[in-house]
Structures are given as C-alpha cells and as structure tokens.
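Here are the chains, one letter per residue:
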Amino acid sequence: EDAHIDAEISPVISRIGGYVDTVRFVDNQRVNKGDTLVILDGRDLRMKLEHAEAALGVSNSSVNEGESSIMKAEAAVGAAVSDVAAAKSEIALATNEKERQSARVRLEVMNAKLRNAQKQADAHREKLKSAFSSIQMKKADIDYAKLQLSYTVITAPVSGIVSKRMIQPGEFVQAGQSLFSIVNDTSFYVTANF
C-alpha cells in the first residue's frame, strides 16, 4: 500500500536570460537526448558577437600598423648608426682643430639622433606587444560571445518524456530559471515503505 513508482527527473534550466522564440515540444512528448526543444531570441547576442569580431579586426589592423612602424623605426636606427659612423670618420679625417670641433658637434648630434631613434623603436615594440595582448582579449571576447549565443538553443539533456512545461513563446526567461523537466523513461523504479 505504501509503494509507488519513481523515475529520475532532469530539470532543464536556461543558462541565459532572453525571450522564448520557439518551443518545439508539447507536454508528455517523448524526446531524445540532444533534440532541440527551445530556441531563445539570440539577435542581441549575435550583435555582440559581430561587435567582438569587428573589435578583433581593429586590433589586427593595429598590429599591422605597429609592425610597419617598427620597420620604419628600425630603418631610422640603421640610418642613425650610419650617420654616427660617418661622424666618427669625419673626426679621424679632420686636418685642423676647427674641422675636428665641427665633426665632434656633428657626432654629438648624430648620437642624440640615434638615441631618439632607439627610444622610438622601443616605444613601437611596446605598442605592438600591447596590440598582441589586445588581440588575445578580443579572441576571448569572441569565444565568450559564441558560448553565450550557443545557450540560445536549449537541447534535451537526456532521453525521456517532457513534463511540467512552464514557458510559452514570447515569454522572458531568466538565467537559472527552470523551463520544464524530462522524466527519464528508462529509469523507473519502485519506492516502498516496508
């Protein structure tokens, strides 16, 4: 008299909030694991994904620009090194004190130009490192946006019978809200009070 039949019941819970676009089942319908049961409106999440992809494009452009700037800065460093070498040879070839003094001033100017070119090259390298880290962040943003978008399609976690449907198309569901349950129809058992 105290015995009754039980089964494993799997609640299906929304991972994100959103409006219900489509419900593809009715109460007491048999479903298989992986069947698409509910689709949430994902337009805003698609826009976030597109925004993240556009931001990645901007970061890629920054990297290309940074690499070009580094090449120009390294060329400037090479030219400054040549100017310093030329100024040193002018000192060695100078025949009088006036020429040596002029060559020394030129050498100081060329050394200052070289230091400035090296600083600019270092600054461009740091900027490029920042652009590369920005790319990694943008890729993570894209992955997160894709994950969130995947949550708009709610599938059956197990095979069984759908019961306790609590949603309708057009309704707003919260993240963590129970939408319906699936009774696993292969795991019936008797619970008895001896």
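Summary of the structure given here.

What counts, and at which threshold
- Residues numbered from 1 in each chain as written.
- Predicted model: local features only at pLDDT ≥ 70, side-chain atom pairs only at ≥ 80, totals over all residues.
- Heavy atoms only, no water.
- Pairing = 2+ DSSP bridges.
- Helix = DSSP H or I, 4+ residues; strand = E, 2+ residues; numbered from the N terminus.
- Buried < 20%, exposed > 50% of the residue type's maximum accessible area, 1.4 Å probe, protein only.

What holds strands together in a sheet is hydrogen bonding between their backbones, with the strands either parallel or antiparallel. Spatial strand order, β2-β9-β7-β4: 4 strands in an open sheet with antiparallel pairing. Looking along the sheet, the strands with just one partner apiece sit at the ends: β2 (9-13) and β4 (30-31). Judged from the 2 bridges that link them, β4 and strand β7 (residues 160-163) form a sheet pairing that is antiparallel. Across the sheet, Val31 pairs through a bridge with Gly160, a residue of β7.

The phi torsion at Asn28 lies on the positive side, around 65 degrees, for a residue other than glycine. Topologically, Asn28 is positioned in the loop between β3 (18-23) and β4. Although it is not a glycine, Lys164 sits at a positive phi angle of roughly 55 degrees. Classification of Lys164 as exposed rests on a relative accessible area of 58%.

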